[in-house]
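Remarks on the overall topology
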Amino acid sequence: MKKIFIFFSITVLLSLFLVGCFPKPEEPTKLEDGYYLYFSNSEEGFKFDLIPDWKFSQQNDGTYKLEIAGSDLIDNVPAPTNDEKVWWWKVVQITGDSSIAYGGFEKFDPSVPIDPNVVKNMDKVIFYFDPSADTTTDHKTIAGVMGDNTKDASPIYFAGIPTGWDFVEMTEGSYTTEKSTKTIFGPGNPLEFKIGLGVNNWDNGPFIFSENHYYGTGGNTLAFTSGNYTMGARIKFDPHFSKLIVEPLDEIKSISEVVNDIDVNGTHDASSIGIVNYKYSTYVFIQDETKGIEIYKPANIANLNIGDLVYVEGSVSHFINSINNVYKYNLNDTASVTVLKSNVEIIPVDISGVEIADNWDYYGKLVKFEGVCKNIDDGYNNATFESNGATIVVKNYTTTEFSTDITYNITGVVMYNYDQLKVVPRDENDIAAPGQIIIDGDLSDWTDYATKTVLDEATDDSKWGSDNDVNWIGVANDDKYLYIGAKYKASSNGFIIYFSVDGATGGATNMNFGGWPRVIQTQDGTPIHFFIASWEHGDPQLWVVEGAATKTDISGKMAQKVNVDPVMEVKIKLSDLGLAKGNKIKFVGTIVGGDGSSSPDTIPNNPYPENWDWNVPLTIINMVEYTIQ
């Protein structure tokens, strides 16, 4: 949610009365320059008066510190009346004739919650503030809260995925996860975590921490950026500075490292992690950022799908012939392939102009290229292409029939076949002639596509800033599919494209119900019949709106999809949406917050009501019409 930067008038501060055990002056007292502690204890916010004695002292390291007895807080801060039953503390900076509040004043801003029931058990509470730690945003960093006796006064709990959401009490602020396939995390499978202070009930626990800030309602993610995955982690939490440190226990070898070990050691037991990019009846291929490898006859192959992130254990070897080595896992019933996450996007590597016949750097990886067909079939399903001077052979197991001297855009996995490395498309969707749209996260092919409607607008017109802005949407179709593309940014927020089908029954004009409830509505006569939604740039979902109280997730009917910051593309059969040639649809793209929120930016633009806020309903008046051709 957008962070709020609030300026106070010094004249208002001077008129504030003292509360509790501090005597109230007969006349307003001018506050010295400096940082002061401030509380909000209700949904309305300002229900507390500044206390001059609660002024932060600067430390040798440049940070600021304020120590207050727990009993003083109980005596001087009114009991909270907000839904969370907590105090939210902020910092007010007094400078001459002006003042600034740091920390935000909205429910979901990075303010700091304090539970009075916890404070009752504490001798003292120490507040920390670092005005230099976050100079790029408007809220600065409130570095920590709670006293030196926090652990004695209140236990600390850890809850996380892949370990599961059950709370585990941390011993002296530290917790070591179990070393198993359940605790593997890294790129594409980050550790999602929450820290609970004082409670072990998730629903009632307001003390949730991210790495540097307190959050009252959110989850957080952490992954190592080195590219490797880790099995198990040691998690340490310092409540004084709300600082979370995650140390990996055992790093898992990359596929490239496993392959190099095969060259040195021959057949041996190994493990690694990769994304399934190809599936056949007896084998799958997986890849990571470094390389690809074949998994031969895994016991659970029937349950594996393209886009699955998997952890693999088994015997690794290479098949030796007179020309090359082929790398694979030889798996049997005792070996394991564990799915860690599904629907992971794979961006193909562009090999246009690259000779790959004996280039093993590309083996097992998803690639794409543009080339002119020179030989449609040699009798063994091999088609030859010329790509910027390079010759690339395609093993064509699909139903597509090539034509000579025609340029194609082809995606596939590089495999060794008979005498050389070849590109193997997975199905006909991996092959496109000129003028066709490829679902690959690249919008350049929309330029020459004839049947389309494209909207383009500014990247800085969102009420929540450029990190939450939609500026491009395209809708197109061919005889079989509807194509939808978008270019947007969403940080801790979501993105939804709403569609209305002219003359169709069902639908709803108010979207604040069921899946993806948002206070977004359309005018009478323009009900929403289906929509595509994604949180940040996660896996796109497809929902149909049957009526004013029913939405159904039909994401499985999306033929293809990709969503990698900042581009989303999806492909859906027209028949699965009940669409045919001549149908008219209307659409609008929206950045959205969480459940019950509104939209800060739409494409096309829509008028906003006076005093609009994150949860104020937005009525969509402007949508763009497109005719299926």
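What you see is a predicted model, and the numbers here were worked out from it, not measured in a lab. (Residues numbered from 1 in each chain as written. Predicted model: local features only at pLDDT ≥ 70, side-chain atom pairs only at ≥ 80, totals over all residues. Heavy atoms only, no water.)

1. Quick look at the packing of aromatic side chains
Applying the stated rule across the entire model yields 24 aromatic pairs. Note on Trp360 and Tyr363: the rings are 5.0 Å apart at their centroids and 35° apart in plane angle, and the pair reads as tilted. This pair shows no difference in class: Trp360 is buried, exactly as Tyr363 is. When the ring of Trp464 is compared with that of Trp612, the centres are 6.3 Å apart and the planes differ by 40°; the resulting orientation is tilted. Of this pair, Trp464 sits in the loop between β33 (452-456) and β34 (469-477) while Trp612 sits in the loop between β44 (601-603) and β45 (618-620); the two residues are 148 residues apart in sequence, bridging distant segments of the chain. Take Trp464 and Trp612: they sit in the same class, and that class is buried. Clustering of aromatic rings is evident, with ring pairs tying together Tyr278, Tyr280, Tyr283, Phe285, Tyr327, Trp360, Tyr363 and Tyr416. Between Lys328 and the ring centre of Tyr296, over which it is positioned, the NZ or CZ distance is 4.8 Å. Of note, Lys551 hangs over the ring of Phe513, and the distance from its end group to the ring centre comes to 4.5 Å. (Phe/Tyr/Trp six-rings, centres within 6.5 Å; stacked < 30°, edge-to-face > 60°. Buried < 20%, exposed > 50% of the residue type's maximum accessible area, 1.4 Å probe, protein only. Helix = DSSP H or I, 4+ residues; strand = E, 2+ residues; numbered from the N terminus. Lys NZ or Arg CZ within 6 Å of the ring centre and 35° of its normal.)

2. With respect to helix α5 (residues 255-265)
Taken together, the buried positions of α5 are occupied by Ile255, Val258, Val259, Asp261 and Ile262. Along α5, the residues classed as buried sweep out an arc of 155° about the axis, all on the same side. Here the buried face of α5 lies against β20 (268-279), β21 (283-287), β22 (292-296), β23 (309-320) and β24 (325-330). A positive phi of about 70° marks Gly266, the residue just after α5. (Arc of directions from axis to C-beta. Contact = heavy atoms within 4.5 Å.)

3. Things to note about the pairing of strand β40 (residues 550-553)
As a general feature of sheets, a regular strand has side chains that alternate between the two faces. With four bridges connecting them, strand β39 (residues 541-547) and β40 associate as antiparallel partners. Across the sheet, residue Val544 finds its bridge partner in β40, namely Thr552. A loop of two residues connects β39 with β40, the two strands running antiparallel in sequence. (Pairing = 2+ DSSP bridges.)

4. A word on the pattern of salt bridges
Applying the stated criterion across every chain yields a total of ten salt bridges. Here Asp565 ties to Lys489 by a salt bridge, and the two come within 3.1 Å at their closest N and O atoms. One end of the pair, Asp565, is in the loop between β41 (558-564) and β42 (567-573); the other, Lys489, is in strand β35 (residues 481-489), with 76 residues separating them in the sequence. Lys489 sits in the partly exposed class, given a relative accessible area of 34%. (Salt bridge = Lys/Arg side-chain N within 4 Å of Asp/Glu carboxyl O.)

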